[in-house]
Structure formats: C-alpha cells, structure tokens
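The chain contents come next:
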Amino acid sequence: MESYVKVVKVEKVGPLDTLRGLWVTLSNFFRTIFLRNRVTIQYPEEERDYSERFRGVHILTKHEDGTPKCTACFLCATICPADCIHIEAGEHPNNRVEKIPTRFDIDMLRCVFCGYCVDACPEEAIIMSKEYDLATDTREESIFTMEMLLNRADKLGFDNGYRPHFGPLGGGGTRGKMEEAGITGTTRKK
Ligand code: SF4
Ligand code: SF4
C-alpha cells in the first residue's frame, strides 16, 4: 500500500540562530525605546495625518447662506451599495431651485465608506472628511442626520477627505478650490 506520510527535512537550529533572533528582537526593542522609531501611536493623544483621499465621515456642503447644496436628486442614495442613505425631498423656497432635502440621514453602521455617493453627486453637495473615530453608545446615535452632516466639520474641526472633483483624482484641484468655489462648512479648526 502506498504511503501518504510526507517526510519533511527540519533544519537544525543552533545557538547562533537563537542569538541572531535575539539580536533582531533586542535591536527593535531599543530602537523603539530610545530612538522613538515606533510604528504604533499613542491614540487618542496622538493622531495620524491621513491622505487627502481619506474616506471618513461625510460632510454635506452648504451655500453661503447656510442652506444645503444638495438638490435631493437621490443619485447618492441610488448608488449606495449599503442602502444606508435616507433622503426625503421638499420644495425649495426659491422657485429657481427645484428641490431641497427635508431629511438626509446616513446610517454609519451600515456605511462601508466606499465614496460612491461622493462620486455620484453632481453638485459637490456631499464630500468626505478625515473623521474616523465613530464610537457610539447606542444604535440610534450611529444615524447621522442632515443637521449633523451639515455642521460636522464646523463642530469637530476635521479636515477634508475624499472629494474627487477637488482632489488629485479630479483634475489637479487643491484644498483652496473649495473656498474659491464658496463651499463652506469644510474648514479645519485646530
Ligand atoms: S460611502 Fe458608500 S456605503 Fe457609505 S453612504 Fe456613501 S455610497 Fe453608501
Ligand atoms: S447629496 Fe448630491 S447626489 Fe445626493 S441627493 Fe444631494 S445632490 Fe443628489
């Protein structure tokens, strides 16, 4: 009968290999302690500086008068793969603007931060910030309302994140273009 036992040759490990392993461990230990060459950070006291394309909590951008730029076209809600955007549309007081959202919620527990909603928006009305610490105590708190999304950047001071029409992906734009375009509510406060 054919044997299915596979013989594996085990290399002998001598004291020199043990010393080499110890050297790697100790050199990294001392580099971390004395040279502060760490890959970890002391969160939350320290925070990383993330890329301009970071996909954090959304921001609804505003006109200068504070009204949302969103026209309740539902493109973002339609493309969202997690089905986590809930919009209700109403009449805009200015009859030159067709619609305005009366409700705009994002369920952050369902959101996968793919950025499709930002890509789909024709008005630059929704962008992403670099906000990532999203712990909540209850399920209800994870649903971010229109009021929270409109004023999020002002309140917490997070920098802009993914905004393809203004970032490197969208044709060489810079952060200043947000201000040039009159988009408020996205300025970082430190
Ligand atoms: S980032 Fe993706 S999952 Fe989250 S709301 Fe936008 S489209 Fe939906
Ligand atoms: S955020 Fe943009 S895509 Fe979504 S409903 Fe408003 S205008 Fe349309």
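Only a predicted model underlies this, so the values are computations on that prediction, with no experimental measurement involved. Residues take numbers from 1 onward in each chain, read along the sequence in its written order. The lettering of chains begins at A and the numbering of ligands begins at 1, in the order of writing. The model is predicted, so local features are restricted to residues of pLDDT at least 70 and side-chain atom pairs to those at 80 or more, both for listing and for counting; the totals for chains, interfaces and linings are taken over all residues.

1. What to know about the overall build of the protein chain
Line of reasoning, step 1. By the criteria applied, helices consist of DSSP H or I runs no shorter than four residues and strands consist of E runs no shorter than two, each listed in order from the N terminus. When helices and strands are tallied, the protein chain shows five helices and five strands.
Line of reasoning, step 2. Going residue by residue from the N terminus, the α and β elements of the protein chain occur as α-β-α-β-β-α-β-β-α-α.
Line of reasoning, step 3. Put simply, a residue is buried when 20 or more other C-beta atoms lie within 10 Å of its own C-beta and exposed when 12 or fewer do; between those, it is partly exposed, and each C-beta is set from the backbone. The buried share among the 190 residues of the protein chain stands at 24%.
Line of reasoning, step 4. Any residue pair is listed as a contact if its two C-beta atoms, each placed from the backbone, are within 7 Å. Considering only intrachain contacts with a sequence separation of at least 6, the fraction spanning at least 24 residues in the protein chain is 74%.

2. Here we look at the nonpolar core
Line of reasoning, step 1. Within the largest apolar cluster, 23 residues are counted, with the highest numbers of intra-cluster contacts made by Leu-60, Cys-117, Val-118, Ile-126 and Leu-149.
Line of reasoning, step 2. Secondary-structure elements contributing two or more residues to this core are β1 (58-60), β2 (85-91), β3 (99-107), α3 (116-120), β4 (126-128) and α4 (146-156).
Line of reasoning, step 3. Residues within four places of Leu-60 in sequence aside, it is in contact with Pro-68, Cys-70, Phe-104, Ala-125, Ile-126, Met-146, Leu-149 and Leu-150. In this description, a nonpolar core means buried residues of the types Ala, Val, Leu, Ile, Met, Phe, Trp, Tyr and Cys, linked to one another by C-beta atoms lying within 7 Å.

3. Quick word on the site of ligand 1
Line of reasoning, step 1. Around ligand 1, the surrounding shell holds 13 residues, and the nearest of these are Cys-80, Cys-111, Cys-114, Tyr-116 and Cys-117.
Line of reasoning, step 2. In terms of residue class, the shell around ligand 1 is built from 12 nonpolar, one polar and no charged. Defining nearness, a residue is near a molecule or strand when the C-beta atom obtained from its backbone falls within 6 Å of it. The nonpolar class holds Ala, Val, Leu, Ile, Met, Phe, Trp, Tyr, Cys and Pro. Asp, Glu, Lys and Arg form the charged class, and all remaining residues, Gly among them, are polar.

4. Looking at helix α1 (residues 15-34)
Line of reasoning, step 1. Over its 20 residues, α1 extends 28 Å from the first C-alpha to the last, a length consistent with the 28 Å expected when each residue adds 1.5 Å.
Line of reasoning, step 2. Counting buried residues in α1 gives zero out of 20 residues, a small share hidden from the surface.
Line of reasoning, step 3. Looking one or two residues past α1, Arg-36 carries a phi angle of roughly 55 degrees, positive in sign. Expected helix span is taken as 1.5 Å per residue step, with the number of steps being one fewer than the number of residues.

5. Re the site of ligand 2
Line of reasoning, step 1. Cys-70, Cys-73, Leu-75, Cys-76 and Cys-121 are the nearest of the 13 residues found near ligand 2.
Line of reasoning, step 2. Residue composition of the shell around ligand 2, by class: 11 nonpolar, one polar and one charged.

6. Description of unusual backbone geometry
Line of reasoning, step 1. For the bond running from Tyr-43 to Pro-44, omega is 5 degrees, close enough to zero to count as cis.
Line of reasoning, step 2. With respect to the helices and strands, the residue Pro-44 is situated in the loop between α1 and β1.
Line of reasoning, step 3. You will see that Ala-72, though not glycine, has its phi angle at about 50 degrees, which is positive.
Line of reasoning, step 4. Tracing the backbone through its elements, the reader meets Ala-72 in the loop between β1 and α2 (75-79).

7. Things to note about the sheet that holds strand β5 (residues 143-144)
Line of reasoning, step 1. Being paired, for any two strands, means DSSP has found at least two bridges between them. Within the open sheet, the three strands sit side by side as β2-β3-β5. Their pairing is antiparallel. What marks the edges here is a single partner per strand, and that holds for β2 and β5.
Line of reasoning, step 2. Strand direction decides the pairing type here: β3 and β5, joined by two bridges, are antiparallel. Residue pairing in the sheet places Ile-106 in a bridge with Phe-144 of β5.

8. Some details on the confidence of the model for the protein chain
Line of reasoning, step 1. How sure the predictor is of each residue is captured by pLDDT, a score from 0 to 100. On average, residues of the protein chain score 82 in pLDDT, and 83% of them are at 70 or above.
Line of reasoning, step 2. The least confident element of the protein chain, judged by mean pLDDT, is helix α5 (residues 176-180) at 48; the most confident is α2 at 97.
Line of reasoning, step 3. Note on residues 183-190: pLDDT is under 50 here. Beyond four places in sequence and across chains, it has 24 contacts.

9. Re the pairing of β3
Line of reasoning, step 1. When β2 meets β3, the two strands line up antiparallel, connected through seven bridges. In the strand pairing of β3, Ile-85 is matched with Ile-106.

10. A short note on the environment of Leu-109
Line of reasoning, step 1. Tracing the chain through its elements places Leu-109 in the loop between β3 and α3.
Line of reasoning, step 2. Accessibility expressed as a C-beta count within 10 Å gives 13 for Leu-109, which makes it partly exposed.
Line of reasoning, step 3. When the C-alpha positions of Leu-109 and Ala-135 are compared, they lie 10.0 Å apart, and in sequence the two are 26 residues distant.

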